[in-house]
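In case you want the letters, here they are:
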Amino acid sequence: MNATTHTTGTTTGTATTPAATARGTVLVSGASVAGPALAYWLRRYGFAPTVVERADRLREGGYAVDFRGEALDVLDRMGLLEQVRALDTEMGDAQMVDAAGRPYATLPAAVFAGDLEVMKGDLTRLLYEATRDDVEYVFGDSVAGLAEDEDGVLVTFEHGPARRFDLVVGADGLHSRTRALAFGPEERYVRHLGIWTAVFSLADHLGLAGTGRLYAAHGKAANMFGARTPGEARAAFHFAADDLEYDRHDRAAQQRLVAERFADEGWEVPRLLAEMERAEDFYFTSNAQVEMDHWAAGRVVLLGDAAYCAGPTSGRGTSQALIGAYVLAGELAAAGGDHAAAFAAYERGMRGYVAEHQALGREGAERFFMPAPTQEVLDALAAQAPEHARTEPVRLRDYA
């Protein structure tokens, strides 16, 4: 791997060659899941992708993510399915506990895990490692401006010099800067589902080892699950609230919000709050959806959560990102340089799939907080899990 440090941040990957630009240059904003997955396919089809990421390194930590249906086919076509299977959390059932820590019901894994579940940080690292030798990555920078003309897009960056690209893809998540620049402020498109979540890592002091514990109160819940690595665990706090005003870059302020909501709660909550303050990978976000009439504007197109976030309560976000990346890159390759036709075909192929997942996300949010659910209720949810699989499949064309 070639790696060079510039004032623009850290850049890794191979230099762009004439052969690599035969189909055009593409800037991809965001290096989580959708961005690197798209870069993989773009490079395979002869494009020259550059991935820019605001963080100065790969984002570690995060919650567990599920793969379902055609997303497994995409991983297989990337040659990554077995590597992802090796990262499976193999999560089992979780016990529901009261304020004293006494179990009163069991939440079956079928309710919260997909066909395959891995930690998001593990997936992000795997996708990066699969692309870093062929794709230019720029860490520690982000898109600051877009100026489109008939030949391409002049992109200005927060730190680095301006560069021209044939196309720009916003794969930068729920709070997409690319979307704001090309389509307008996020309040036009982001619909909050009334749930806020904090996630972080900690030592597995409960000895969970592939199982979990969940504590639920009115409008709030706390949980802890054993991680794939022995001795490690992940914890989360969830609480119901309308749209909150807070600084997304102020970690301490976010932690105060969580601590205030969970003050005086029982079970392991006091210890988890203390562990939260020490966690290096603390992550706080709203459960929300993105609803847009169009995902493309000129030479700019959105992908994954930036375009059609279904919300964590859907359990489909990662699958949407992987499938969307496959379809978008494939349609660009098939369109022979007509990006407008490619973007339109991408939307046609994904719209029904996204609409059903967003419906699942809204349904999941409505039943998310269930204080002291009975075993009968939990078993019924598990029995319904296969029926939650979408009925509007996305057709995976063979673009090769």
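Just so we're clear, the structure is a prediction, and the values are computed from it rather than from any experiment.

Rules of the game
- Think of each chain on its own: its residues are numbered from 1, step by step along the sequence as written.
- For this predicted model, a pLDDT threshold of at least 70 governs which residues receive local features, and a threshold of 80 or more governs which side-chain atom pairs are given and counted, while totals over whole chains, interfaces and linings are taken from all residues.
- Side-chain measures here rest on the full set of heavy atoms in the structure, leaving out hydrogens and waters.
- Here, a strand pair is defined by DSSP locating no fewer than two bridges between the strands.
- Each helix corresponds to a stretch of at least 4 residues labelled H or I by DSSP, and each strand to a stretch of at least 2 residues labelled E; elements are numbered beginning at the N terminus.
- Helix axes use the C-alpha atoms of the stretch in contact, all axes being lines fitted to C-alpha atoms, and the angles between their N-to-C directions lie in the range 0 to 180 degrees.
- Think of it in three bands: residues with accessible area under 20% of the maximum for their type are buried, residues over 50% are exposed, and the middle band is partly exposed, with areas taken using a 1.4 Å probe on protein chains only.
- Two residues form a contact once any of their heavy atoms are found within 4.5 Å.
- By definition, a salt bridge exists where a carboxyl oxygen of Asp or Glu is found within 4 Å of a side-chain nitrogen of Lys or Arg.
- When two rings of Phe, Tyr or Trp (its six-membered ring) have centres within 6.5 Å they constitute a pair, described as stacked for plane angles under 30 degrees, edge-to-face for angles over 60, and tilted for the intermediate range.
- Here, over-ring charges are defined by two tests on the NZ atom of lysine or the CZ atom of arginine: distance to the ring centre within 6 Å, and angle to the ring normal within 35 degrees.
- As used throughout, the charge tally considers Lys and Arg to be positive and Asp and Glu to be negative, leaving His and the chain termini uncounted.
- Identification of polar contacts relies on pairs of N or O atoms within 3.5 Å, with a donor-acceptor requirement for protein atoms, meaning one able to donate a hydrogen and the other able to accept it, and with residues adjacent in sequence counted only if both atoms are side-chain atoms.

Visitor: Just to check I follow, could you spell out the sheet that holds strand E15 (residues 212-217) for this structure?
Guide: Pairing between the strands of a sheet comes from backbone hydrogen bonds, and it takes one of two forms, parallel or antiparallel. The sheet built from seven strands is open, its strands ordered E7-E6-E15-E16-E17-E14-E18 with mixed pairing. If you trace the sheet from one side to the other, it starts and ends with strand E7 (103-107) and strand E18 (283-290), each paired once. Taking each pair of neighbouring strands and ignoring which way they run, the sheet shows an average axis angle of 25 degrees. Sheet topology note: the strand E16 (residues 220-226)/strand E17 (residues 232-240) ladder contains seven bridges and is antiparallel. Paired with Lys 220 across the bridge in E17 is Phe 239.

Visitor: It is not clear to me how the environment of Val 290 should be interpreted in this structure. Could you clarify?
Guide: Within the secondary structure, Val 290 is located in strand E18. Judged by its relative accessible area of 1%, Val 290 is buried. For the pair Val 290 and His 175, spaced 115 residues apart in sequence, the C-alpha separation works out to 9.6 Å. In this structure Val 290 touches Leu 174, Arg 179, Tyr 189, Val 190, Asp 305, Ala 306, Ala 307, Tyr 308, Cys 309 and Gln 358, once residues within four positions along its chain are discounted.

Visitor: Teacher, can you tell me more about the pairing of E17 here?
Guide: Residues in a regular strand point their side chains to alternate faces of the sheet. E17 sits mainly inside the fold: seven of its nine residues count as buried. The sheet contact formed by strand E14 (residues 190-203) and E17 spans nine bridges and is antiparallel. Looking at E17, one finds that Ala 203 is bridged to Glu 232. Taking the residues between adjacent antiparallel strands as the criterion, E16 and E17 are bridged by five residues, where Gly 231 takes a positive phi near 90 degrees.

Visitor: For this particular structure, what's the right way to read the pattern of salt bridges?
Guide: Using the criterion set out here, one finds 17 salt bridges in the structure. Put simply, Glu 136 and Arg 163 hold a salt bridge, and the shortest N to O gap is 3.0 Å. In this pair, Glu 136 is assigned in strand E9 (residues 136-139) and Arg 163 in strand E12 (residues 163-165), connecting sequence segments 27 residues apart. A salt bridge links Arg 177 to Glu 158, with the nearest nitrogen and oxygen atoms 3.0 Å apart. Separated by 19 residues along the polypeptide, Arg 177 in helix H6 (residues 177-183) and Glu 158 in the loop between strand E11 (152-157) and E12 bring together distant segments of the chain. One continuous salt-bridge network, built from bridges that share partners, spans Arg 54, Glu 158 and Arg 177.

Visitor: So what exactly am I meant to see when it comes to the packing of aromatic side chains here?
Guide: Aromatic ring pairs are described here by two measures, namely the spacing of the ring centres and the angle between the planes. Enumeration over the complete set of coordinates arrives at 17 aromatic pairs. Between Tyr 128 and Tyr 137 the ring centres are 4.8 Å apart and the planes differ by 80 degrees, which places this aromatic pair in the edge-to-face class. Of the two residues, Tyr 128 and Tyr 137, both sit in the buried class. Joined through ring pairs, the aromatic side chains of Tyr 40, Trp 41, Tyr 45, Tyr 326 and Tyr 399 make up one cluster. Here Lys 220 stacks its cationic end above the ring of Phe 262, 5.6 Å away from the centre of that ring.

Visitor: Explain unusual backbone geometry here, please?
Guide: Across the chain, the bulk of peptide bonds are trans and the bulk of non-glycine residues have phi less than zero. Phi is positive for Ala 209, close to 45 degrees, though the residue is something other than glycine. Inspection of the secondary structure assignment puts Ala 209 in the loop between E14 and E15. Exposure remark for Ala 209: the relative accessible area of 65% places this residue in the exposed category.

Visitor: I tried to follow the side chain of Asp 88 on my own but got confused; where do I start?
Guide: With respect to the element layout, Asp 88 can be found in the loop between helix H3 (81-85) and strand E6 (94-97). For the buried Asp 88, no salt bridge exists, and the shortest N-O distance to an oppositely charged side chain is 6.1 Å, to Arg 85. From its side chain, Asp 88 meets the backbone nitrogen of Glu 90 in a polar contact 2.9 Å long. What Asp 88 contacts, discounting residues up to four positions off in sequence, is Leu 116, Glu 117, Val 118 and Arg 228.

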